[in-house]
Amino acid sequence: MACRITELILDCADPVRMAAFWCEVLGYVEIGKDGEDIEIGPPGVGFGGPQPTLILSRSDDPKPGKLPLHIDVNPTDRDQDAELERLLAAGARPADVGQTGEESWHVLADPEGNVFCLLRARVDP
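On a predicted model such as this, the values are computed, not experimentally measured, just so you know.

Some details on the overall build of the chain
Okay, so step 1: Helices and strands together make up the secondary structure of the chain, namely two helices and eight strands.
Okay, so step 2: Ordered by position from N to C terminus, the α and β elements of the chain give β-α-β-β-β-β-α-β-β-β.
Okay, so step 3: Rg of the C-alpha trace for the chain: 15 Å, near the compact-globule value of 14 Å for 125 residues, within the 12% margin.
Okay, so step 4: Considering only C-alpha atoms, the chain reaches an extent of 40 × 35 × 35 Å along its principal axes.
Okay, so step 5: Expressed as a percentage of its 125 residues, the buried residues of the chain come to 37%.

Some points on helix H2 (residues 80–90)
Okay, so step 1: Buried within H2 are the following residues: Gln80, Glu83, Leu84, Arg86 and Leu87. Within H2, the buried residues cover an arc of 165° as seen down the axis, which keeps them to one side. Opposite the buried face of H2, at more than 90 degrees from it, the exposed residues are Asp81, Glu85 and Ala89.
Okay, so step 2: Along its buried surface, H2 packs onto helix H1 (15–26), strand S5 (71–73), strand S7 (106–109) and strand S8 (115–118).
Okay, so step 3: Capping of H2 at its N-terminal end is provided by aspartate 79; its side-chain oxygen lies 3.2 Å from the backbone amide nitrogen of aspartate 81.
Okay, so step 4: Two residues or fewer past H2, glycine 91 is found with a positive phi of approximately 125°.

What to know about the environment of tryptophan 22
Okay, so step 1: Residue position: tryptophan 22 is located in helix H1.
Okay, so step 2: Distance in space between the C-alpha atoms of tryptophan 22 and aspartate 77 is 17 Å, their sequence separation being 55 residues.
Okay, so step 3: Setting aside chain neighbours within four positions, we find tryptophan 22 in contact with Leu10, Gly27, Ile40, Leu54, Leu56, Ile71, Asp110 and Phe116.

Notes on a nonpolar patch on the surface
Okay, so step 1: Taken together, the side chains of Val29, Ile31 and Phe47 present a nonpolar region at the surface, about 250 Å² in accessible area.
Okay, so step 2: Looking at the secondary structure, you find valine 29 in strand S2 (residues 29–34).

Remarks on the sheet that holds S2
Okay, so step 1: Across the sheet, which stays open at both edges, the four strands sit in the order S1-S4-S3-S2 with mixed pairing between neighbours. Each of the sheet's edge strands pairs with one partner strand only, and the pair in question is strand S1 (7–12) and S2. Mean inter-strand twist for the sheet, computed between neighbouring axes without regard to direction, equals 25°.
Okay, so step 2: In this sheet, strand S4 (residues 53–58) lies alongside S1 in parallel orientation, the contact comprising six bridges. Counterpart to glutamate 7 in the pairing with S4 is threonine 53.
Okay, so step 3: Contacts from H1 reach S1, S2, strand S3 (37–41) and S4 within the one sheet, and its direction differs from that of S4 by about 160°.

Observations concerning the layout of surface pockets
Okay, so step 1: Taken as a whole, the largest pocket encloses approximately 620 Å³ of empty space.
Okay, so step 2: Forming the walls of the largest pocket are 25 residues, and the residues nearest its centre are Leu26, Tyr28, Gln51, Asn74 and Thr76.
Okay, so step 3: In the lining of the largest pocket, the residues fall into 14 nonpolar, five polar and six charged.

As for the packing of aromatic side chains
Okay, so step 1: Within this structure, the stated rule accounts for three aromatic pairs.
Okay, so step 2: Measuring from ring centre to ring centre gives 5.2 Å for phenylalanine 21 and tryptophan 22, while their planes differ by 85°; the resulting arrangement is edge-to-face. Taken individually, phenylalanine 21 and tryptophan 22 each receive the classification buried, so the pair is uniform in this respect.
Okay, so step 3: When the ring of phenylalanine 21 is compared with that of phenylalanine 116, the centres are 6.2 Å apart and the planes differ by 65°; the resulting orientation is edge-to-face. Of this pair, phenylalanine 21 sits in helix H1 while phenylalanine 116 is found in strand S8, placing the two residues 95 residues apart along the sequence. Each member of the pair phenylalanine 21 and phenylalanine 116 is classed as buried.
Okay, so step 4: A connected cluster of aromatic rings, assembled from ring pairs, spans Phe21, Trp22 and Phe116.

Each value, and the rule that gives it
Residues numbered from 1 in each chain as written. Predicted model: local features only at pLDDT ≥ 70, side-chain atom pairs only at ≥ 80, totals over all residues. Heavy atoms only, no water. Helix = DSSP H or I, 4+ residues; strand = E, 2+ residues; numbered from the N terminus. Rg over C-alpha atoms; globule rule 2.2 N^0.38 Å. Buried < 20%, exposed > 50% of the residue type's maximum accessible area, 1.4 Å probe, protein only. Arc of directions from axis to C-beta. Contact = heavy atoms within 4.5 Å. Polar contact = N/O pair within 3.5 Å; in protein donor to acceptor, adjacent residues only side chain to side chain. Patch = residues over 30% accessible without salt bridge, like charges linked within 9 Å, V, L, I, M, F, W, Y side chains within 5 Å. Areas by Shrake-Rupley, 256 points an atom, 1.4 Å probe, with all protein chains shown as cover. Salt bridge = Lys/Arg side-chain N within 4 Å of Asp/Glu carboxyl O. Pairing = 2+ DSSP bridges. Axes fitted to C-alpha atoms, helices over the stretch in contact; angles between N-to-C directions. 1 Å grid on protein atoms, 1.4 Å probe; cavity = no way out; pocket = protein on both sides within 12 Å on 5 of 7 lines; lining within 4 Å. Points joined across faces, edges and corners; volume = space filled by probe spheres on them. Nonpolar A, V, L, I, M, F, W, Y, C, P; charged D, E, K, R; others polar. Phe/Tyr/Trp six-rings, centres within 6.5 Å; stacked < 30°, edge-to-face > 60°.

This is the structure in structure tokens:
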């Protein structure tokens, strides 16, 4: 038997703002709260489904920037350029982690500065 990822936890200063941002990015919905922490996940599925949920955990010491583990996202219903425009409108911003400019992906930061990448390939929702 093997394990699989069921939840990802992201420390943040403002879980409400971050939950709204990541719900917009991933098409997730809020599925639960525990104190100030907010769990989001795929609509109608919740915890334990095929996609991991994301917990935005309130922290007075979040460490923005290039995380040891970061999130990669792929568009599901549009090309990469259109998805980039959507993510920037949602509050993402370009981030520089030393890329050359020749990469096939875009490096972005969420509203609290956590780096993630928008990849090129379109995947099924």
